[in-house]
Amino acid sequence: MSTEIFSTNDGKQTTAGAPPDPITAEVVRCAYDNIAEEMALVLVRTSGSPALTEAKDFSTIVFNRAGEQIGSAGYVLLHLASSRIAVEALVEQRGDEIEPGDAYICNDPHTNGALHQADVGIIMPIFEEKELIGWTFANAHLIDVGGASLGGIAPTAYDCFEEAVRFPLTRIAKNGLIDPEWERFVGLNFRAPVPFVNDVRSLIAACRAGGERVLALVDEYGVETLEEISAHNMNLSEQALRARIAELPEGISSTHEWVEYDGRGTPELYELFAEMRADNGTLNFRFSGREQVPCFINGAQGGIEGNTISTILTMLAYDIPFNEGIWRCINIDRGEPGTIVNPVNPAPVSAAHMETGAKIARMVSTLISDACSASNADLLRSRAAGQASSASTGTAWFGTNREGNLSVFFPMDLSVAIGGPAQTVGDGQDVYGYQSTLSIGFPDVETHELSEPVLFLWRRLNVNSGGAGQRRGGQGLDSSWILWGGGDHSCFSFQSCCEVPARGYGGGLPGGAGFNHLIRSSNIRDLINKGKLPTSADQVEGALDPMPGKGSNIPFRTDEMYFGKSCGGGGLGDPFLRLPELVQKDVDEGRVSLDVAETIYGAKFNERGKINQDETWSNRDKIRSTRLSTKRVPLKSESSLTGQFGAVPLDKNWACSNCQSTISPITTHWKSAIEPQRSELVNIFKTSGQFVRARKDKLLIFAERFCSNCGTLLSTDLEVDGENRTPSGFVFDENTAEHTY
């Protein structure tokens, strides 16, 4: 096979076949992905930890000798970044001393790209005789990694030394055998050393299985042929994504977000900023934020880059095979070191990916939606969406189990069962997860009750939690349980969204926030002894104790009850434009309550609970006319632009997507042309039946911008009272003033 040289965006050169047989190229590409999937199967079948076997909180990835990704199993997309950083660091730091059978452990966000310390990775080299030809990487969330808090997440830590044990690419195995000295170290420094070591053995087994399968592929095709085909496949993915990016308009999308932290007793909001520009087939991101803080929310490199690539893959590159070619189309600027988006040692980072990192994902979603909405391409316009919640309502518990031994309970339910974003083609997916967790899940109730000293009272959809809209956001989860058969426990709380919910897009409303609550000194045991199983917290007597968003060592006793709700996804489009029959369906299926259907969707029902379509449209117009004296035409419009939401470019102007009336010239930020109507967010959520925690200062403000002609809600933004910020949006470059549709 002859070889051609291809220049990549970063100035490097790769070889590719000229050209390889397309069927063979696809067979090889799928082979590498299948190898990663087999690694995942080995991991699941050899581990006994629910985080792996049930939640699937892991990833497996195959690299070529240059440290380029050529195969992956898409369980947690965030690890596409952390694995890449780790392998690159290993090659750079220890490349000359690597031998067959070596296994390196890594979990340090500061030095080897880990998302947080609880995400433990194993890297093993692949040798063909004495030649290094590639790498396998397996990573999983392990329940205990030492340190101050269970689960490796330390809500009240002041620096990374308090958080967990860190492994800086430590060789723990030679010739395939784990170092017994390392095992003894773990035995002294971890609460649950046996499960930890067992899971590390599973990670090693997965990597070894992957290496054996790669060598079998080498036997069939040869190293040189495989490398040429892989280079060809990387170039194909790069070319496909560059072509798609080239259809985005020239200009800048900008937005901002807030990270919440209340672990010191005072609820703080730390602001983040983001910009995106599409230029010559490349997406260029620039993130910034305040100086790093002494709490676990700082976003290390793996979490920032992982949340960025995850959102790009799900919104723009969903149908393009993933490999190193995708990375060549992305530039990420985290600014100067020492900020919450580019922290340095010893900044605490044990929730880096779930706090600042996850808010990066929200911002990237909005940046992409703004650019796609301004595009000429129908496909790209269809990718606009509300924000995924990407917010954990997490807890970790430890105490004694039924046998009197250590109980470590890390329920993933409210951490991953969170609402998905509303999309142009339909409503958001219920209990969708993060945008980065394609295959992650949470155990059945029966699995929880078999393995842990708990009894579940209920687990169901969180009604009204999805953001209202023409397309509704996905619902979160509503869950409750008590201790059953064991002793008292202590809890660590890590909620990333109590106050700042996932935003809607194009007039869609935000999704609901989440909470963890306890009922102290309850009568729950008396109720159960009488044969009464409560179905809501209102049926249980006791003292309500809202847990802090971030907290450690919170006591939980056997006579107390836990209940919590996870977050919903952001809506898309004006709720008053949702088809009445879809509102009826939401009410019938219990996703939206009747009172919310009437107040938020403007629905009118008859005495039999059936919606009256004509009265609903008339009622919606009446409500909007009371808010907008300029409203002239009905909301129900024959000129509505199908599949478009909010404000869109039309004939050199920004226009309403519903009635096509002009808002402002195309060269302006259209939101500056409309004075928003502002309300406190907490008051809006009282009406929408959603939860959000009220603030005493820096109140969150809900800003709505309406079309003055038809009354359509074009955008919803969040603001902090007293702070003047440019709202999210897309601004065309001056040379696109002639942009027309």
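Now for a look at the structure at hand. (Residues numbered from 1 in each chain as written. Predicted model: local features only at pLDDT ≥ 70, side-chain atom pairs only at ≥ 80, totals over all residues. Heavy atoms only, no water.)

## A few points about the overall build of the protein
So, step 1. Along the backbone of the protein there are 18 helices and 29 strands.
So, step 2. For 741 residues, the compact-globule formula gives about 27 Å, and the C-alpha radius of gyration of the protein, at 26 Å, lands near that figure.
So, step 3. With respect to the three principal axes, the spread of C-alpha positions in the protein is 80 × 70 × 45 Å.
So, step 4. Each of the 741 residues in the protein was classed as buried or not, and the buried ones make up 62%.
So, step 5. Counting contacts in the protein only where the partners sit at least 6 residues apart, residues at least 24 apart contribute 71% of the total.
So, step 6. The protein carries 64 positive and 95 negative side-chain charges, and their two centres are separated by 6 Å. (Helix = DSSP H or I, 4+ residues; strand = E, 2+ residues; numbered from the N terminus. Rg over C-alpha atoms; globule rule 2.2 N^0.38 Å. Buried < 20%, exposed > 50% of the residue type's maximum accessible area, 1.4 Å probe, protein only. Contact = heavy atoms within 4.5 Å. Lys, Arg positive; Asp, Glu negative; His and termini not counted. Charge placed at Lys NZ, Arg CZ, Asp CG, Glu CD.)

## Structural notes on the packing of helix H8 (residues 301-315) against helix H10 (residues 356-373)
So, step 1. Running from amino to carboxyl end, H8 crosses H10 at an angle of 35 degrees, the nearest separation of the two axes being 8 Å. For the pair H8 and H10, the crossing hand works out as right-handed. Facing H8, whose interface residues are Gly303, Ile304, Asn307, Thr308, Thr311, Ile312 and Met315, H10 presents Thr356, Gly357, Ala358, Ile360, Ala361, Val364, Ser365, Ile368 and Ser369.
So, step 2. Looking at the contact of H8 with H10, its residues break down into 8 nonpolar, 8 polar and no charged. (Axes fitted to C-alpha atoms, helices over the stretch in contact; angles between N-to-C directions. Left-handed = near helix turned anticlockwise from the far one by under 90°. Nonpolar A, V, L, I, M, F, W, Y, C, P; charged D, E, K, R; others polar.)

## So, the environment of Glu257
So, step 1. Following the sequence through the fold, Glu257 ends up in strand S10 (residues 251-261).
So, step 2. Classification of Glu257 as buried rests on a relative accessible area of 0%.
So, step 3. Placed 132 residues apart in sequence, Glu257 and Pro125 show a C-alpha to C-alpha distance of 40 Å.
So, step 4. Excluding residues within four positions of it along the chain, Glu257 makes contact with Tyr270, Glu271, Leu272, Lys359, Arg362, Met363, Gln387, Val500 and Arg503.
So, step 5. There is a polar contact of 3.4 Å between the side chain of Glu257 and the side chain of Arg503. (Polar contact = N/O pair within 3.5 Å; in protein donor to acceptor, adjacent residues only side chain to side chain.)

## What to know about the sheet that holds strand S9 (residues 177-178)
So, step 1. The strand order S4-S3-S7-S6-S5-S8-S9 describes an open sheet built from 7 strands, whose pairing is antiparallel. The strands lining the two open edges of the sheet, one partner per strand, are strand S4 (69-73) and S9.
So, step 2. Judged from the 2 bridges that link them, strand S8 (residues 170-174) and S9 form a sheet pairing that is antiparallel. Directly across from Lys174, in S9, lies its bridge partner Leu177.
So, step 3. On the sheet, helix H3 (residues 79-94) packs against strand S3 (58-64), S4, strand S5 (103-106), strand S6 (119-128), strand S7 (131-141) and S8 and is oriented at approximately 45 degrees with respect to S3.
So, step 4. Packed onto the sheet, helix H6 (residues 193-221) meets S3, S5, S6, S7, S8 and S9 and runs at close to 30 degrees relative to S6. (Pairing = 2+ DSSP bridges.)

## As for the nonpolar core
A general trend in soluble globular proteins is that nonpolar side chains are found buried together.
So, step 1. Ile122, Trp182 and Phe196 are the most contacted members of the largest nonpolar core, which has 143 residues in total.
So, step 2. With 10 residues, H6 is the largest single contributor of residues to this core.
So, step 3. When residues no more than four places from it in sequence are discounted, the contact partners of Phe196 are Ile105, Val120, Leu142, Asp144, Val145, Phe167, Trp182, Val186 and Phe190.
So, step 4. Within the second largest apolar cluster, 31 residues are counted, among which are Ala391, Cys497, Ala603 and Ile684. (Core = buried A, V, L, I, M, F, W, Y, C linked by side-chain atoms within 4.5 Å.)

## Brief notes about the side chain of Thr395
So, step 1. For Thr395, the location among the structural elements is in strand S14 (residues 393-400).
So, step 2. Using a relative accessible area of 4% as the deciding quantity, one classes Thr395 as buried.
So, step 3. A polar side-chain atom of Thr395 sits 2.9 Å from a polar atom in the side chain of Trp397.
So, step 4. The contact partners of Thr395, leaving out residues within four places of it in the chain, are Phe410, Pro411, Cys491, Phe492, Phe494, Asn516 and Met547.

## Re the packing of aromatic side chains
So, step 1. Applying the stated rule across the entire model yields 19 aromatic pairs.
So, step 2. Ring centres 6.1 Å apart and planes at 45 degrees place the aromatic pair Trp182 and Phe196 in the tilted group. Of the two residues, Trp182 sits in helix H5 (residues 180-189) while Phe196 sits in helix H6, which places them 14 residues apart along the sequence.
So, step 3. According to the relative accessible area criterion, Phe196 is buried, its value standing at 2%.
So, step 4. Taken together, Phe167, Trp182, Phe185, Phe190 and Phe196 form an aromatic cluster joined through their ring pairs.
So, step 5. Lying across the ring of Tyr158, Arg264 places its NZ or CZ 3.7 Å from the centre.
So, step 6. When the ring centre of Trp617 is taken as origin, the NZ or CZ atom of Arg620, which lies over that ring, is 4.8 Å away. (Phe/Tyr/Trp six-rings, centres within 6.5 Å; stacked < 30°, edge-to-face > 60°. Lys NZ or Arg CZ within 6 Å of the ring centre and 35° of its normal.)

Distances and angles like these do not, on their own, reveal function.
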